[in-house]
Structures are given as structure tokens and as C-alpha cells.
Amino acid sequence: MEQADNWPVGTTILVILAHPDDPEFFLGGTIARWTTAGYQVKYGLLTKGERGISPDYPESQKLAEVRVEEQKNAAAVLGVHEVTFFDYQDGYLVPSLEVRREVTRLIRSVRPDIVVSCDPQNYFVSETYLNHPDHRAAGQVVVDAVFPAVSNPSFFPELIEEGYPAVRVSELWLSLPAQANVVLDVSEFWQRRAQALLEHKSQIGDPKKFLEHLKERRLESSDTEDRYTERFRRIIFRK
Ligand SMILES: [Zn+2]
């Protein structure tokens, strides 16, 4: 069967999510797979994660600085070397027109083939876990930017004056999907995802315990013991 992500080498993929560590948690294996395949992956993060709980950094300004560095390091482990940070308040993200304009500007400046975010419709991630409102807001704003703002020049005309003409993206991929239509087996990148997650030192507590927890989760989420998959809702736009 043909793989869902069989694109030409050099394909550009822009991953836009709410917090530092979201790319690695949601789709770290897939990102490693994509950079290994020769695709160019870039991140845009809407907050700096200053409300992530960390006993070591009680001051939110300091925590934001630390998390920016951790995110750059984690991205580098996965082969991603371009990360754009916005400064919306962690925990208070809403899918406003202002954020939509900023996301539209980012997409129009990067001109990616593929845009990736997360599913805004996923409220209940599991039996024991509610999705973070920022994740849903980020997903909503990216979906609304991709269609119709990014490709329609009459949306945010000031962006055209700034030098960002309308662009078209070919595909939108949403991680943490309420209903997946693509499942990628990224078992061979599980280790690299784990290494990247370990870079988020302020968030993971004791690294040894964290790794054990990650292994347990792998067993829970996969059909067979030794496999690891990541799931997506994929939309392919008509040319
Ligand atoms: Zn998050």
C-alpha cells in the first residue's frame, strides 16, 4: 500500500501548535520520520508555555525563556531547525481574528506544502484525560487560517501590503484526532521521539520515571507490543 506521506524530497511541512513540547508529544515520531525522508519541517508555536508547572521555575517569565530553549533543543533532536515563537499567553489562547491573521502571515511567509496542527474537535482525549483548551484553540485557528484566509487575497489585505501574497497548501494534517483517517507506524522513531521529549527538562520530572511512563503508554496505545503508531486526520485539498 502506498504511504500517506510519500512526497517529493524537499517538501515543506509547517507544524503549528500551542505549546513548547506539543510537537514532540503529539507527533514526535512522525516528525523524525519526515526529516529522515528529506522533508523540511518547521514549527510555529503560539505560546511559550509559561504556565507549564515546574517547581524549578516558579517565575513565569523565566520559565518561558527556559521552555523556548528546551523546545529548540527538542526540535533539533528531530531534525527541525526553524522554530517561530509567538507570545500569546499560555492557557488563555482563543481562536481570535488577531491570532488567525498572525497564523495566516506565518503560513504565507513559510509557504509550506503541508500544514500540521491538532484537531479542534477533540475534547476528550481518553477516558482519563481532557484536551487542553489551548490545543483546541490552536487547532481551530490553524484550520480557519488554512481555509479560507491563507489562499484568499481578500482576507487580511494588509498582509499583501506587507509582502505576503495568498498561497495554497496541498494538505492539512491534524494530530490528536477525534477520528483518525491516517495511522502511521513510526515504531523505528520511538526512541528518537523519547530523546526529544527528554529535552523538555522543566516538564518531565525525573527522566527515568518519565521514560518508564512513556514505555507504558506505548504498550497501551499500540495493538501489538513492539509497535508505535501516531494518528491523524488528513485533508487533501483539491488542486
Ligand atoms: Zn500542550
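Thresholds, definitions, all that
Residues numbered from 1 in each chain as written. Predicted model: local features only at pLDDT ≥ 70, side-chain atom pairs only at ≥ 80, totals over all residues. Helix = DSSP H or I, 4+ residues; strand = E, 2+ residues; numbered from the N terminus. Rg over C-alpha atoms; globule rule 2.2 N^0.38 Å. Contact = placed C-beta atoms within 7 Å. Axes fitted to C-alpha atoms, helices over the stretch in contact; angles between N-to-C directions. Parallel < 35°, antiparallel > 145°, perpendicular 65-115°, else oblique. Left-handed = near helix turned anticlockwise from the far one by under 90°. Nonpolar A, V, L, I, M, F, W, Y, C, P; charged D, E, K, R; others polar. Core = buried A, V, L, I, M, F, W, Y, C linked by C-beta atoms within 7 Å. Buried ≥ 20, exposed ≤ 12 C-beta atoms within 10 Å, placed from the backbone. Pairing = 2+ DSSP bridges.

J.: Explain the overall build of the protein here, please?
T.: When helices and strands are tallied, the protein shows eight helices and nine strands. For 239 residues, the compact-globule estimate of 2.2 N^0.38 gives 18 Å, and the C-alpha radius of gyration of the protein, at 17 Å, lies within 12% of that figure.

J.: Can you walk me through unusual backbone geometry in this structure?
T.: A negative phi holds for most residues other than glycine; trans holds for most peptide bonds. Note that the residue after F147, namely P148, is joined by a cis bond; omega there is 0 degrees. Checked against the element boundaries, P148 lands in helix 4 (residues 133-149). Phi is positive for R111, close to 55 degrees, though the residue is something other than glycine. Examined against the element boundaries, R111 turns out to sit in the loop between helix 3 (97-110) and strand 4 (114-118).

J.: I'm lost on the environment of V186 in this one. Help?
T.: One can find V186 in the loop between strand 8 (182-185) and helix 6 (190-198). Along the primary structure V186 and R33 are separated by 153 residues, whereas in three dimensions their C-alpha atoms are 7.1 Å apart. What V186 contacts, discounting residues up to four positions off in sequence, is G29, T30, R33, Y228, T229 and E230.

J.: I would appreciate a short explanation of the packing of helix 1 (residues 22-36) against helix 6 in the present structure.
T.: Packed helices, taken two at a time, are described by the angle between their axes plus the distance between the axes. Packing of helix 1 against helix 6 brings their axes to within 8 Å, and their N-to-C directions diverge by 130 degrees. Between helix 1 and helix 6, the angle is such that the two are oblique. Classified by chirality, the crossing of helix 6 by helix 1 is right-handed. Contacts between helix 1 and helix 6 involve E24, F25, G28, G29 and A32 on the former and, on the latter, W190, R192, R193, A196 and L197. When grouped by side-chain class, the residues that make up the contact of helix 1 with helix 6 number five nonpolar, two polar and three charged.

J.: Would you mind showing me how to read the nonpolar core here?
T.: In a soluble, globular protein the nonpolar side chains are often hidden away together inside. Counting 54 residues, the largest nonpolar core has V15, V115, A138 and V142 as the members making the most contacts within it. It is helix 4 that contributes the most residues to this core, eight residues altogether. Setting aside residues up to four positions removed in sequence, V15 forms contacts with P23, I31, V41, Y43 and V116.

J.: So what exactly am I meant to see when it comes to the sheet that holds strand 3 (residues 83-88) here?
T.: Strand pairs in the sheet, formed through backbone hydrogen bonds, run parallel or antiparallel to each other. Pairing in this open sheet of seven strands is mixed, and the strands run 3-2-1-4-7-9-8 from one edge to the other. Of all strands in the sheet, those with a lone pairing partner are strand 3 and strand 8, marking the two edges. Between one strand and the next, the sheet's axes are offset by a mean angle of 25 degrees, whatever the strand orientation. Relative to strand 2 (residues 40-47), strand 1 (residues 12-17) runs parallel, the two being bridged by six bridges. Counterpart to L14 in the pairing with strand 2 is K42. Together, strand 1, strand 2, strand 4, strand 7 (171-175), strand 8 and strand 9 (229-236) form the strand contacts of helix 1, whose direction differs from that of strand 1 by roughly 175 degrees. Those strands touched by helix 2 (residues 60-77) are strand 2 and strand 3, and its axis lies near 155 degrees from that of strand 3.

So far we have only geometry, and geometry alone does not tell us how the molecule works.
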